[in-house]
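Descriptive structure summary
For reference, the chains in residue letters:
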Amino acid sequence: MLIARIYILRHGETDENRAHIIQGQRDTLLNAAGKRQAAMAIDVFRDVNLDFAFASDLRRATETAEIILKDHPNRDKITLIQEKKLRERCLGKLEGKHLSERRQQTGVDETAESVASFVDRALSWWDTEIIANLAVTPGNVSHEVLVVSHGGFISSLVKNLISSGRVWAEPEQVANWTCLNLSITTIVVEEGSKPTLASYSDISHLKTEELVQYNADVLKAAGL
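Residues numbered from 1 in each chain as written. Predicted model: local features only at pLDDT ≥ 70, side-chain atom pairs only at ≥ 80, totals over all residues. Heavy atoms only, no water.

Some points on the packing of aromatic side chains
- One pass over the full model with this rule turns up 5 aromatic pairs.
- With a centroid separation of 6.1 Å and an interplanar angle of 70 degrees, the aromatic rings of Phe118 and Phe153 are classed as edge-to-face. Placement of Phe118 in helix α6 (residues 115-134) and of Phe153 in helix α7 (residues 151-163) is noted, with a sequence separation of 35 residues between them. Take Phe118 and Phe153: they sit in the same class, and that class is buried.
- A centroid spacing of 4.9 Å and a plane angle of 65 degrees characterise the contact between Trp177 and Tyr200, whose relative ring orientation is edge-to-face. With Trp177 in the loop between α7 and β5 (184-190) and Tyr200 in strand β6 (residues 196-202), the pair connects residues that are 23 residues apart, well separated along the chain.
- Every member of this aromatic cluster is reached through a ring pair, and the members are Phe54, Trp125 and Trp126. (Phe/Tyr/Trp six-rings, centres within 6.5 Å; stacked < 30°, edge-to-face > 60°. Helix = DSSP H or I, 4+ residues; strand = E, 2+ residues; numbered from the N terminus. Buried < 20%, exposed > 50% of the residue type's maximum accessible area, 1.4 Å probe, protein only.)

Here's the deal with the packing of helix α2 (residues 32-40) against helix α4 (residues 59-69)
- At their nearest, the axes of α2 and α4 sit 8 Å apart, and the two run at 45 degrees to each other. Judged on the interaxial angle alone, α4 and α2 are oblique. Crossing of α2 against α4: the hand is right-handed. Contacts between α2 and α4 involve Lys35, Ala38 and Ala39 from the former and Glu63, Thr64, Ile67 and Ile68 from the latter.
- Looking at the contact of α2 with α4 residue by residue, the class counts come to 4 nonpolar, 1 polar and 2 charged. (Axes fitted to C-alpha atoms, helices over the stretch in contact; angles between N-to-C directions. Parallel < 35°, antiparallel > 145°, perpendicular 65-115°, else oblique. Left-handed = near helix turned anticlockwise from the far one by under 90°. Contact = heavy atoms within 4.5 Å. Nonpolar A, V, L, I, M, F, W, Y, C, P; charged D, E, K, R; others polar.)

Here we look at the packing of α6 against α7
- It is at 9 Å that the axes of α6 and α7 come closest, and there the two elements cross at 75 degrees. When the axes of α6 and α7 are compared, the pair comes out roughly perpendicular. The segment α6 lies against α7, with Phe118, Val119, Arg121, Ala122, Leu123, Trp125 and Trp126 engaging Gly152, Phe153, Ser156, Leu157, Asn160 and Leu161.
- Each residue belonging to the contact of α6 with α7 can be placed in one class, and the counts come to 9 nonpolar, 3 polar and 1 charged.

What to know about the pattern of salt bridges
- Tallying each qualifying case throughout the model produces 8 salt bridges.
- A salt bridge links Glu113 to Arg121; the shortest N-O distance between them is 2.9 Å.
- Residue Glu113 is classed as buried on the basis of its relative accessible area, which comes to 13%.
- With a shortest N-O distance of 3.0 Å, Arg166 and Asp127 are connected by a salt bridge. Pair noted here: Arg166 is in the loop between α7 and β5 and Asp127 is in helix α6, with a separation of 39 residues, a long-range link.
- Of the residues examined, Arg166 reaches a relative accessible area of 29% and is grouped as partly exposed.
- Owing to a relative accessible area of 30%, Asp127 belongs among the partly exposed residues under this scheme. (Salt bridge = Lys/Arg side-chain N within 4 Å of Asp/Glu carboxyl O.)

As structure tokens, then:
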């Protein structure tokens, strides 16, 4: 029996994304392209019986979720939960600087959130909100859950869900851990079995030439 299907989206594009500026927990906004991207996901979820929605409380994530949910058939039944635990990793003094400066950094940045703390925050959110709360709902009720967060958060969450044994994935299922804007990562939770990674950073629903080129630029900038 299906207990929950979790759809984890990265927010739409910001001006900082386009300029390869490190955002971290800076509260940046969707640009015009980002708002168009979020609107592309409306049809993806129109016929999905969503009953829960979570978003990072940073505005680029919250606004993405609000655009997707605005005209959803279940909108009056869904409360969008804005969650600090879904924020991107805080990158301290690197925030606001060009991505190239992160690549040049050596040693430990004491102003940034530690990797261990970041991973603990991500897994704590999953264990509490998904497994403890949603997966134990009594009765024959399954859930369709929308989650909107950030690229670094999503990649770190999924990597560590798999490495910790919380989620099962096919060997080599994820060849590239870059999480693209408005991509959808889907995890399926079924009764009596380990949650399964169904897809990672899927952008098959995004068809515009503008976004295809933008995501190609992201991969190129990442050296992939």
